[in-house]
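Summary of structural features
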Amino acid sequence: MWPVIGHEQAVARLQRGLAAGRLSHAYLFTGPAQVGKTTLALAFAQALNCTGAGTQGETLSPCVPVYLCTCPSCRKIAQGVHPDVRVIAPAEGTLKIEQVRALQRELALSPYEGRYRVAILRQMEAATAEAANCLLKTLEEPPEQVVLILTATEPELILPTIVSRCQHIGLRPLPTPEVARALETCWGVKASQASLLARLSGGRLGWAVVAAQDEALLLRRREQLERLQTLEQAGRIDRLAYAEQLSRKESLVQETLQLWLGWWRDALLVKAGPVEAIVNLDQAALLRKAATRYSLGQIVETIQLIRATQERLEQNVNQRLALEVLMLRLPTPDKVRG
């Protein structure tokens, strides 16, 4: 048993490699943000270096549960203080070449305590071209007793030459009931709140846990949805003003668009599909209202418009201009076609 909720296939695949002694020098874990990639990477690092009971038997596994780790290695990795396990995240939103070079100097040394040096590079898609090419040299000539674990949302966002040198393991969102159950049993969240957060998470347990512990996240969600309702009645000047305001908060742009996309998808379900499948349970009354005020065609067009905006932003178009186009094309109730 690993300290990982869900992702049984990924865990089983790593366990088989450990048991057979067929380790790759590099792995690529992909999946949506906060779906559990780093959690799985740390559990794998524990399994690689565990000196407790988990090392006995046909498959290697870390000491579990984490709070009862019986070996110093698993305890240190869980606490983030193991000298041979490094987690590297983008600095100010970018993975820089200086970070990769510092890591390479560390990896050239033999493990200090464990069997392997393990480096976990989070959000590899945020690497600069220089950093990615620098890392490629390590992947081509990996040091002994080193395991690299890269994480990213999608393999297509990383250099193909890097992907080809890694064993790729994709993680999928967890079923909603599994997320809700984990929130209740492991984090003590009330059933009603757990059900709402599980749906809002889209199967990303990490997001659900953060949302359960950070009231500001749900407050921001409510404000973003209220803004969406306000824009229904807003004129062109107010809409353009909000586009300019949002464009200056780069970290919130995709979050806002994804939230709006989910809301309009729910409106579509209320209009023409299974109402029980809506995500924004606490918005049911407003969703029913929207379903009567907008035509099916308007709702579908709005979903397509938000998706197109997300794609344009991923292609690094002018952020403010893309948002202005979106705001001006959002439907208004007085244009309902029936």
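Above this text sits the structure in question.
Summary of the structure given here. Here the structure is a predicted model, which is why all the values come from computation and not from measurement. (Residues numbered from 1 in each chain as written. Predicted model: local features only at pLDDT ≥ 70, side-chain atom pairs only at ≥ 80, totals over all residues. Heavy atoms only, no water.)

**Description of the pattern of salt bridges**
Per the stated rule, a full pass over the model turns up nine salt bridges. R165 is paired through a salt bridge with E140; the nearest N and O atoms lie 3.6 Å apart. In this pair, R165 sits in the loop between helix 6 (160-163) and strand 5 (167-170) while E140 sits in helix 5 (residues 129-140), placing the two residues 25 residues apart along the sequence. Of the residues examined, E140 reaches a relative accessible area of 44% and is grouped as partly exposed. Close ionic contact of E232 with R293 constitutes a salt bridge, the shortest N to O distance being 3.3 Å. Of this pair, E232 sits in helix 10 (residues 215-233) while R293 sits in helix 13 (residues 284-293), and the two are 61 residues apart along the sequence. Owing to a relative accessible area of 9%, E232 belongs among the buried residues under this scheme. R293 gets classed as partly exposed once you look at its relative accessible area, which sits at 22%. (Salt bridge = Lys/Arg side-chain N within 4 Å of Asp/Glu carboxyl O. Helix = DSSP H or I, 4+ residues; strand = E, 2+ residues; numbered from the N terminus. Buried < 20%, exposed > 50% of the residue type's maximum accessible area, 1.4 Å probe, protein only.)

**Observations regarding the packing of helix 11 (residues 236-247) against helix 12 (residues 250-272)**
At their nearest, the axes of helix 11 and helix 12 sit 8 Å apart, and the two run at 125° to each other. Between helix 11 and helix 12, the angle is such that the two are oblique. Along the contact surface, helix 11 presents Y242, L246 and S247, while helix 12 presents E250, L252, V253, T256 and W260. Of the residues belonging to the contact of helix 11 with helix 12, the class tally is five nonpolar, two polar and one charged. (Axes fitted to C-alpha atoms, helices over the stretch in contact; angles between N-to-C directions. Parallel < 35°, antiparallel > 145°, perpendicular 65-115°, else oblique. Contact = heavy atoms within 4.5 Å. Nonpolar A, V, L, I, M, F, W, Y, C, P; charged D, E, K, R; others polar.)

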